[in-house]
Amino acid sequence: MAYRAWLECVRGCGQRYDVGQIVYRCERCGGLLDVEHDENELARRSPAAWIQLFNERARTNQWPYGSGVWGKKEWVAPWIANENIVSMYEGHTNLFWAERLGAEIGVPDLWVKLCGNSHTGSFKDLGMTVLVSAVKQMIAEGKPIRAVACASTGDTSAALAAYCAAAGIPALVILPKDKVSVGQLVQPIANGAIVLSLDTDFDGCMAVVQRLTEDHSIYLANSMNPLRMEGQKTVGIEIVQQFDWEVPDVLVIPVGNLGNVSAIGKGFLMMKRLGLISRLPRIVCAQAERANPLYLSYLTGFKEYQPVKAQRTLASAIQIGNPVSYERAVKVLRQFDSIVEQATEDELANAAARADRTGMYCCPHTGVALAVLFKLVERGDIGRDERVVVLSTAHGLKFTDFKVRYHQDALPDVRARYANRPIELPPDPEAVRRAVESALAGRS
Ligand SMILES: *Cc1c(COP(=O)(O)O)cnc(C)c1O
Ligand SMILES: [Zn+2]
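Residues numbered from 1 in each chain as written. Chains lettered and ligands numbered in written order. Predicted model: local features only at pLDDT ≥ 70, side-chain atom pairs only at ≥ 80, totals over all residues. Heavy atoms only, no water.

K.L.:
When you look at the pattern of salt bridges in this model, what are you seeing that I'm missing?
P.N.:
Pairing is possible between side chains of opposite charge, provided their charged atoms come close. A complete count under the given rule lists 27 salt bridges for this structure. K177 is paired through a salt bridge with D178; the nearest N and O atoms lie 3.7 Å apart. Under the relative-accessibility criterion, D178 is labelled exposed at 59%. For K403, the salt bridge is made with D356, and the minimal N-O distance between the two is 2.5 Å. One end of the pair, K403, is in helix 16 (residues 400-407); the other, D356, is in helix 14 (residues 345-356), and 47 residues separate them in sequence. By relative accessible area, K403 is classed as buried at 7%. The class for D356 is buried, based on a relative accessible area of 18%. Connected via shared salt-bridge partners are E230, K233 and K266. (Salt bridge = Lys/Arg side-chain N within 4 Å of Asp/Glu carboxyl O. Buried < 20%, exposed > 50% of the residue type's maximum accessible area, 1.4 Å probe, protein only. Helix = DSSP H or I, 4+ residues; strand = E, 2+ residues; numbered from the N terminus.)

Here it is in structure tokens:
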């Protein structure tokens, strides 16, 4: 069956473009573009039949449908031929029942979606498989694309470099010098990308990559490009699928450039229109206090919006003052019951460490989401009987320096309440026994 999709201006000016066209903004009004699907055609298959199809494909080796993204291909990118798909079986990440942490904070039905348990260690893989596949198809059709480029706070560049390396397409990544973790920096280096380190912040890198990609032979991979949204929207669909097609009450998402929350909202709205679900979750956006333009706009009911100069934050992947997808996100958030809240450095670091004590291994951005969750539960904005899902956006192992310095109580503006120091001793069994006894006594 031929499902149709096209690019359409998010400002509602009605302008449409072919999905294979290289265009990042509406040429009529300057608005961002979204991929739109022919939902009348999709609606010819019943909700029960879609659910059955998605369930049958999940995690199978029927390439490419075993991928969490490509198992929903008809809803994501039906125009891409299977031979052009560049997939590393992204998605189907585990949804972890945070039993101990939930009991501690009084929300027993607390879950964490571990999006970082993925090929390059963040949810960015979900979008990048779609974008790089689309580029591979454009090249196959004869478009003169020489490279794919992105500005990044670390995870987008890691995903772009890996997927491009798998496809044999040159990747060009532009990073703010000294503002990404060592783990994130070495990922594109290992995958052979051309890595440019600029003495500016993310917003400065974004401005440069937009100029660079005015030359259409260098393709823009930032989330301004709507193709990545199509892959990222599957995470919300997957969460519902993992709950046997029941919608959780609340989703908590750490946000920076606002692409991910726009994508997740888009996925939920699509499921609702196509009848797979009958209600929407509440969406909580969690920002770092040091990079909080969405929070400030939320305080005005989204009537006003001012980009900010993002300050240095431990949550480096969301250190963004001028989010590219602001207009997309607000359009989506208005359709949900939504809250935006912020977290300080001290709150995010201690929230991550507290969750680690219950078996997780949280990145700082997941710390932002958890800190916001704790606040909203204390304030009564999230009820104790609600089913809450926190999006963990990256793997904690990418942020070793953050963890090490936390446990040395050496992070600026953080008092490490859960610091755990190794006990150094001579190799003397008696001294070790005494140290063990005293440590265990401290825990009881
Ligand atoms: C990209 C990223 C985010 C934020 O997603 P946006 O789409 O920029 O809002 C959050 N956490 C991590 C770890 C990320 O890499
Ligand atoms: Zn327009």
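K.L.:
Would you take a moment to explain the layout of surface pockets for this structure?
P.N.:
One way to see where empty space is left: roll a probe the size of a water molecule over the atoms. For the largest pocket, the calculated volume is near 420 Å³. Lining the largest pocket we find 20 residues, and of these R312, T313, L314, D401 and R405 sit closest to its centre. Ranked by the residues each element gives to the lining of the largest pocket, the list is headed by helix 16, at four residues. When grouped by side-chain class, the residues that make up the lining of the largest pocket number seven nonpolar, five polar and eight charged. Approximately 250 Å³ is the volume found for the second largest pocket. Along its surface, the second largest pocket is lined by 17 residues, and D34, E36, K266, L269 and K331 are the ones closest to its centre. Looking at the lining of the second largest pocket, the elements with two or more residues in it are strand 3 (33-37), helix 11 (259-273) and helix 13 (326-333). In terms of residue count, the dominant contributor to the lining of the second largest pocket is helix 11 (six residues). (1 Å grid on protein atoms, 1.4 Å probe; cavity = no way out; pocket = protein on both sides within 12 Å on 5 of 7 lines; lining within 4 Å. Points joined across faces, edges and corners; volume = space filled by probe spheres on them. Nonpolar A, V, L, I, M, F, W, Y, C, P; charged D, E, K, R; others polar.)

K.L.:
Would you take a moment to explain the coordination of the zinc ion (ligand 2) for this structure?
P.N.:
Octahedral metals with six donors have ideal donor angles of 90 or 180 degrees. Tetrahedral metals with four donors have an ideal donor angle of 109.5 degrees. Every protein donor of the zinc ion (ligand 2) is listed here as C9 (SG), C13 (SG), C26 (SG) and C29 (SG), and their distances to the metal cover 2.3 to 2.4 Å. Look at where the donors of the zinc ion (ligand 2) fall in the sequence and you get C-x3-C-x12-C-x2-C. Under the relative-accessibility criterion, C13 is labelled partly exposed at 25%. (Donors = N, O, S within 2.8 Å, 3.2 Å for Na, K, Ca; no water.)

K.L.:
Explanation requested: the nonpolar core in the structure shown.
P.N.:
A general trend in soluble globular proteins is that nonpolar side chains are found buried together. In this structure, W75, L160 and Y219 are the most contacted members of the largest nonpolar core, which totals 104 residues. Among the elements that make up this core, the one with the highest residue count is helix 5 (residues 124-140) (eight residues). Residues in contact with W75, not counting those within four places in the same chain, are H37, L42, W50, F54, E230, K233, I237, M270, M271, L274 and L276. (Core = buried A, V, L, I, M, F, W, Y, C linked by side-chain atoms within 4.5 Å. Contact = heavy atoms within 4.5 Å.)

K.L.:
Looking at this model, I keep getting lost on helix 15 (residues 364-379). Mind explaining?
P.N.:
Every α-helical turn comprises 3.6 residues, leaving residues that sit three or four positions apart pointing alike. An ideal rise of 1.5 Å per residue puts 22 Å on 16 residues; helix 15 measures up with 23 Å between its terminal C-alpha atoms. With 13 of 16 residues buried, helix 15 is to be regarded as a mostly interior element. Looking one or two residues past helix 15, G380 carries a phi angle of roughly 85°, positive in sign. (Expected span 1.5 Å × (residues − 1).)

K.L.:
Just to check I follow, could you spell out empty space enclosed by the protein for this structure?
P.N.:
Under the criterion given, the structure shown has five cavities of 30 Å³ or more. In this structure, the largest cavity spans a volume of roughly 290 Å³. What lines the largest cavity is a set of 27 residues, and nearest its centre among them are F123, K124, G256, N257 and A317. Per element, the largest residue contribution to the lining of the largest cavity is three residues, and it comes from helix 11. Here the residues of the lining of the largest cavity are counted per class, giving eleven nonpolar, 13 polar and three charged.

K.L.:
Please explain the packing of aromatic side chains as it appears in this structure.
P.N.:
The geometry of an aromatic ring pair is captured by the separation of the ring centres together with the interplanar angle, meaning the angle of the planes. A full pass over the atoms with the stated rule returns ten aromatic pairs. Centre to centre, the rings of W111 and F243 are 5.0 Å apart; their planes meet at 90°, and the pair counts as edge-to-face. Placement of W111 in strand 5 (residues 110-114) and of F243 in the loop between helix 10 (234-242) and strand 10 (250-254) is noted, with a sequence separation of 132 residues between them. An aromatic cluster is built from Y3, W50, F54, W75 and W245, whose rings are joined through pairwise contacts. Above the ring of Y361, the side-chain terminus of K403 is found at 4.7 Å from the ring centroid. (Phe/Tyr/Trp six-rings, centres within 6.5 Å; stacked < 30°, edge-to-face > 60°. Lys NZ or Arg CZ within 6 Å of the ring centre and 35° of its normal.)

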